[in-house]
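Coordinates in review
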Amino acid sequence: MAAHVWLAAALLLLVDWLLLRPMLPGIFSLLVPEVPLLRVWVVGLSRWAILGLGVRGVLGVTAGAHGWLAALQPLVAALSLALPGLALFRELAAWGTLREGDSAGLLYWNSRPDAFAISYVAALPAAALWHKLGSLWAPSGNRDAGDMLCRMLGFLGPKKRRLYLVLVLLILSCLGEMAIPFFTGRITDWILQDKTVPSFTRNIWLMSILTIASTALEFASDGIYNITMGHMHGRVHREVFRAVLRQETGFFLKNPAGSITSRVTEDTANVCESISDTLSLLLWYLGRALCLLVFMFWGSPYLTLVTLINLPLLFLLPKKLGKVHQSLAVKVQESLAKSTQVALEALSAMPTVRSFANEEGEAQKFRQKLEEMKTLNKKEALAYVAEVWTTSVSGMLLKVGILYLGGQLVIRGTVSSGNLVSFVLYQLQFTQAVQVLLSLYPSMQKAVGSSEKIFEYLDRTPCSPLSGSLAPSNMKGLVEFQDVSFAYPNQPKVQVLQGLTFTLHPGTVTALVGPNGSGKSTVAALLQNLYQPTGGQLLLDGQRLVQYDHHYLHTQVAAVGQEPLLFGRSFRENIAYGLNRTPTMEEITAVAVESGAHDFISGFPQGYDTEVGETGNQLSGGQRQAVALARALIRKPLLLILDDATSALDAGNQLRVQRLLYESPKRASRTVLLITQQLSLAEQAHHILFLREGSVGEQGTHLQLMKRGGCYRAMVEALAAPAD
């Protein structure tokens, strides 16, 4: 197949040679009226049509565009339209029409062997660039920078259309910037040839108008671009955070909070900054470089050929160094996440750190992580410096070569002084544009290291579904554990629950007791659908728990833990947290009274609008438990889970909770799972389950278990025995 492709490409090249020498120009010089510019354009479009059909045939034989074949279509367009575009520009620049001699020269220019070779040398990089830019907008299965850029721009939604306007304004602005070097060359020729003052003044005015127009267009382009990218920034942050929130609970066990936070905030910010700032500069200097290349080719094809031959050297080394820089950037991001995790862990457990007088130990650990990151930063900086230095030296050598060759052409009379001045100005700006593009390239590569983790979160499918579809209008609250087994995702070989079987009936309070590590809190986590059993079934009203709608389930199931987390908001917002409606103040006050939180909340100057501090750190443990209980009760749950939720309450509030569980009018329709070590609460339970090593060891009422004389009685007697 490869041999046939190369043969077809060689045939196309031969056909192109025959069309240009001089068959196609000769035919259309007879058929087309004597309008010079029209003849040139008809020849160019005809060449495009004929070669385009040949390319379609090649692509049809190879079943699509793959690798370098994909650049054939843009190559044909560049070869065919370059000369008509040049003729149009020369006519506009000459303030008049082309003469017949000019028309004949342009028609037959490509039939010269040197011109034919130059046109291909110039068109090949243009076609490759066209194909590369096109690939940025066509996502593929490979995870490369082009796919990531396309996906990032996809967050713009309908506003993505604004980028087309930005590109049009950018190109027009770049064309306007060509006015100064172009008219500088013309003015140089006019001065040497003693031209008239009116022509000089007219061109000065035209140059000024075009320059001012270019500045205005650049301002408009930047404004539209920045507004559009600002919309993308906000949406990317929202989508990444939403993707993280969709993950299963086991995901947060395997990934430290500091690492996740770094990906959601810092990495996302780095990617957005690279897209908005770096991409803007890349597009601007890319458009500028292309416009300069066109004007350079028009001024001196031979000097342009020298420049193009040196382009591979300018791009090859930076590309290799960019890969090294990219790998180091990924390592720096990983090291930053690790150091952030150390700091977050120490700050979140500051009372523990202080109680063990380990401030210096935590500082030393953080310092060690910073030293590791410092070493990586040095390597990254060295790679960046090496790349920039290579780019600078290559650009300088290219400038010296162009000045030498240009001087030789002036001495021989091949080009005029004005054309050389214009070309040198074009070439200097072109070299600068190439240098800027090469210096920006590592920045884009650096963004790839961060965006990989971001898209990993966006593309990650939770191991277990977060939500089902069941949302029955009436629920009884019957819970059944049927031979349930479970192991945490980060410790899959350690069975926490083994063959657990029991039933929770509506209108009853079931106490779950047992030694530490027996799996009591794991049962509470499974009932909240935070994890799914690794074996057996967990049923709610005869249906598997995972089949219920996420929001519906958690309006029917509420839990309060031993150390509940509150948010840095007001009491009112914490109690109403997660509700899909706005409760009235009367409802909030009523549940606060039931939980025993109303008295101390009313004691604050701002009452229910008082901020509780980060994670509720301005409150005592008992106050946090009371607020968390109110947060659960306001949902009016059919299944209430209390996981040692009264351990920090005072005697008065514990008595209030007992009345809530056993004397409240709502108790008949509520299923309660009470996990506790407090015998006063467990003794009154309708049913008691004694959990041992992940399974039910004993069950019954308090009196039944005490008469039986098993593990439950031993635990009760141990708790009641006076301390030595």
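About the criteria used
Sequence positions are assigned chain by chain, starting from 1 and proceeding in written order. For a predicted model such as this one, the threshold for reporting local features is a pLDDT of at least 70, and the threshold for listing and counting side-chain atom pairs is 80 or more; totals across whole chains, interfaces and linings nevertheless cover every residue. Processing note: side-chain calculations cover all non-hydrogen atoms of the structure and skip hydrogens and water entirely. Strands were regarded as paired on the criterion that DSSP finds at least two bridges between them. Numbering of helices and strands starts at the N terminus; helices are DSSP runs of H or I of at least 4 residues and strands are runs of E of at least 2. Pairs of residues are marked as contacts when any of their non-hydrogen atoms sit within 4.5 Å. Lines fitted to C-alpha atoms define the axes here, with helix axes fitted over just the stretch in contact, and angles between the N-to-C directions of these axes take values from 0 to 180 degrees. UniProt positions are given in the numbering used here, feature names are shortened, and annotations may be inferred rather than shown by experiment. Each patch is built from residues that are more than 30% exposed by relative accessible area and take part in no salt bridge. Like charges join if they lie within 9 Å; nonpolar side chains (Val, Leu, Ile, Met, Phe, Trp, Tyr) join within 5 Å. Residue burial considers only the protein chains on display, and all accessible areas are found by Shrake-Rupley using a 1.4 Å probe. We count a salt bridge whenever a side-chain nitrogen from Lys or Arg sits within 4 Å of a carboxyl oxygen from Asp or Glu. Confidence of the predictor at the level of single residues is captured by pLDDT, which takes values from 0 to 100. For this text, the term disulfide refers to a pair of cysteine sulfurs within 2.5 Å. For the exposure calls, accessible area comes from a 1.4 Å probe over protein chains only, and a residue counts as buried if that area is under 20% of its type's maximum, exposed if over 50%, partly exposed in between. Throughout, the term roughly parallel applies to angles under 35 degrees, roughly antiparallel to angles over 145, roughly perpendicular to angles from 65 to 115, and oblique to all others. Crossing handedness is read from the near helix: turned anticlockwise from the far helix by less than a right angle, it gives a left-handed crossing, and turned clockwise, a right-handed one. Under this grouping Gly is polar, as are all residues other than the nonpolar Ala, Val, Leu, Ile, Met, Phe, Trp, Tyr, Cys and Pro and the charged Asp, Glu, Lys and Arg. Two aromatic rings from Phe, Tyr or Trp, using only the six-membered ring of Trp, form a pair when their centres are within 6.5 Å; if the ring planes differ by under 30 degrees the pair is stacked, by over 60 it is edge-to-face, and anything between is tilted. To sit over a ring, a charge needs its Lys NZ or Arg CZ within 6 Å of the ring centre and within 35 degrees of the ring normal. By this rule the span expected of a helix is its residue count minus one, scaled by 1.5 Å. Any N or O atom pair separated by 3.5 Å or less is treated as a polar contact, with the protein-specific requirement of one donor-capable and one acceptor-capable atom, and with residues adjacent in sequence counted only for side-chain atom pairs. Here, the term nonpolar core denotes a set of buried Ala, Val, Leu, Ile, Met, Phe, Trp, Tyr and Cys residues that are joined through side-chain atoms within 4.5 Å.

**Some details on the sheet that holds strand E2 (residues 497–504)**
What the four strands build is an open sheet, ordered E2-E1-E4-E5; its pairing is antiparallel. In this open sheet, the two edge strands, each paired with only one partner strand, are E2 and strand E5 (543–544). Relative to E5, strand E4 (residues 535–540) runs antiparallel, the two being bridged by two bridges. In the strand pairing of E5, Leu-540 is matched with Gln-543. Contacts between helix H16 (residues 520–527) and the sheet are confined to strand E1 (479–486), E2 and E4, with E1 contributing the most and set at about 115° to the helix.

**Some words on the sheet that holds strand E3 (residues 509–513)**
Judged by pairing direction, the sheet is mixed, and its six strands sit side by side in the order E6-E7-E8-E3-E9-E10 without closing on themselves. The two strands at the open ends of the sheet, each matched to only one other strand, are strand E6 (557–560) and strand E10 (695–700). Averaged over all adjacent pairs, the angle separating strand axes in this sheet is 20°, with direction ignored. Docked against the sheet, H16 engages E3, E6, strand E7 (639–643), strand E8 (671–675) and strand E9 (687–692), running at close to 150° with respect to E7. Packing of helix H21 (residues 621–633) onto the sheet brings it into contact with E6 and E7, and relative to E6 it is tilted by some 175°.

**Brief notes about the UniProt feature "transmembrane region" (unreviewed entry) in the chain**
UniProt's feature table lists "transmembrane region" (unreviewed entry) at residues 6–24, 36–55, 67–89, 163–184, 204–225 and 290–317, given in the numbering used throughout. With 95% helix and 0% strand, the stretch residues 163–184 has end C-alpha atoms that lie 33 Å from each other. A helix fraction of 100% and a strand fraction of 0% characterise residues 204–225, whose end C-alpha atoms lie 32 Å from each other.

**Some remarks on a nonpolar patch on the surface**
A cluster of nonpolar side chains, namely Leu-7, Leu-11, Leu-14 and Leu-18, defines an oily patch on the protein surface of about 390 Å² accessible area. By the secondary structure assignment, Leu-11 is in helix H1 (residues 2–31).

**As for the confidence of the model for the chain**
Averaged over every residue, the pLDDT of the chain is 78; residues scoring 70 or more account for 79%. Across the chain, E1 holds the top mean pLDDT of 93, while helix H4 (residues 100–109) sits lowest at 51. Counting interchain partners and residues more than four positions distant, the pLDDT-below-50 stretch residues 95–103 has 12 contacts. Contacts of residues 135–142 to residues separated by more than four positions or lying in other chains number 13 contacts, the stretch itself having pLDDT below 50.

**Overview of the state of the cysteines**
This model, assessed by the stated rule, comprises zero disulfides. Cys-174 takes part in no disulfide bond, and the closest cysteine sulfur to it belongs to Cys-291, at a distance of 5.0 Å. Relative accessible area serves as the criterion here: at 0%, Cys-174 is assigned to the buried category. Taking relative accessible area as the criterion, Cys-291 reaches 10% and is therefore assigned buried.

**What to know about the packing of helix H7 (residues 162–177) against helix H11 (residues 257–299)**
At their nearest, the axes of H7 and H11 sit 9 Å apart, and the two run at 45° to each other. In terms of orientation, H7 and H11 fall into the oblique class. Crossing angle aside, the handedness with which H7 passes H11 is right-handed. Mapping the contact onto sequence places Leu-167, Leu-170, Ile-171, Ser-173, Cys-174, Leu-175 and Glu-177 in H7 and Leu-283, Trp-284, Gly-287, Arg-288, Cys-291 and Phe-295 in H11. Across the contact of H7 with H11, the residue classes break down as nine nonpolar, two polar and two charged.

**Overview of the packing of aromatic side chains**
One pass over the structure, following the stated rule, counts 11 aromatic pairs. When the centroid spacing of 5.3 Å and the interplanar angle of 90° are considered together, the rings of Tyr-488 and Tyr-531 count as edge-to-face. Of this pair, Tyr-488 sits in the loop between E1 and E2 while Tyr-531 sits in the loop between H16 and E4; the two residues are 43 residues apart in sequence, bridging distant segments of the chain. Overall, Tyr-488 belongs to the partly exposed group, its relative accessible area being 21%. Judged by relative accessible area, Tyr-531 falls into the buried class, the value being 10%. Through pairs of rings, three or more aromatic residues link up here, namely Phe-486, Tyr-488 and Tyr-531. Directly above the aromatic system of Phe-567 lies the positively charged group of Arg-569, at a separation of 4.9 Å from the ring centroid.

**A few points about unusual backbone geometry**
Although it is not a glycine, Asp-483 sits at a positive phi angle of roughly 50°. Tracing the chain through its elements places Asp-483 in strand E1. A positive phi angle, close to 55°, is found at Asp-644, a residue other than glycine. When its relative accessible area of 14% is taken as the criterion, Asp-644 is described as buried.

**Some thoughts on H21**
If you check H21, its first and last C-alpha atoms are 18 Å apart, about what 13 residues at 1.5 Å a residue would give, namely 18 Å. For H21, a buried count of 10 out of 13 residues is recorded, marking the element as mostly surrounded by other parts of the structure. Taken together, the buried positions of H21 are Gly-622, Gln-625, Ala-626, Val-627, Ala-628, Leu-629, Ala-630, Arg-631, Ala-632 and Leu-633. Where the residues of H21 are buried, they touch E6, helix H18 (571–575), helix H19 (585–595), helix H20 (598–602), E7 and helix H22 (651–662).

**Topic: the packing of H19 against H21**
Two elements in contact, H19 and H21, have axes whose closest approach is 8 Å; the angle formed by their N-to-C orientations is 130°. For the element pair H19 / H21, the angle class is oblique. In the packing of H19 onto H21, the handedness of the crossing is right-handed. Each of Val-591, Ala-592, Glu-594 and Ser-595 in H19 lies in contact with H21, whose residues at this interface are Ala-626, Leu-629, Ala-630 and Leu-633. In terms of residue class, the contact of H19 with H21 is built from six nonpolar, one polar and one charged.

**A few points about the side chain of Ser-339**
Tracing the sequence through the fold places Ser-339 in helix H12 (residues 301–348). A residue is classified by how much of its surface remains accessible, and Ser-339, at 2% relative accessible area, is buried. At a separation of 2.8 Å, a polar atom in the side chain of Ser-339 contacts the main-chain carbonyl oxygen of Leu-336. Those residues within four positions of Ser-339 in sequence are excluded, and the remaining contacts are Phe-366, Lys-369 and Leu-370.

**Quick look at the nonpolar core**
Membership of the largest hydrophobic core comes to 47 residues, with the highest contact counts inside it found for Phe-571, Ile-575, Val-627, Leu-642, Leu-661 and Tyr-712. Broken down by element, the residue count for this core peaks at seven residues, all from H21. Discounting residues that sit within four places of it in the chain, Val-627 has contacts with Leu-566, Phe-571, Asn-574, Ile-575, Ala-597, Phe-600 and Leu-619. By size, the runner-up hydrophobic cluster in this structure holds 33 residues, among which are Met-178, Met-207, Leu-398 and Ala-433.

**A short note on H22**
Here H22 is 12 residues long and its end C-alpha atoms lie 17 Å apart, about the 16 Å a rise of 1.5 Å per residue gives. When H22 is considered as a whole, its buried residues turn out to be Asn-653, Gln-654, Val-657, Gln-658, Leu-660, Leu-661 and Tyr-662. Residues of H22 that are buried in the fold lie against E3, H19, H21, E7, E8 and helix H23 (679–682).

**Brief notes about the pattern of salt bridges**
Per the stated rule, a full pass over the model turns up five salt bridges. As a salt-bridge pair, Arg-581 and Glu-587 come within 3.3 Å of each other at their nearest N and O atoms. The exposure class assigned to Arg-581 is partly exposed, which follows from its relative accessible area of 37%. The exposure class of Glu-587 is partly exposed, given its relative accessible area of 24%. Note that Glu-717 and Arg-713 form a salt bridge whose closest N and O atoms lie 2.9 Å from each other. Taken together, the residues span about one helical turn, with Glu-717 and Arg-713 both in helix H25 (residues 711–720) at a distance of four residues. Residue classification places Arg-713 among the partly exposed positions, given a relative accessible area of 34%.

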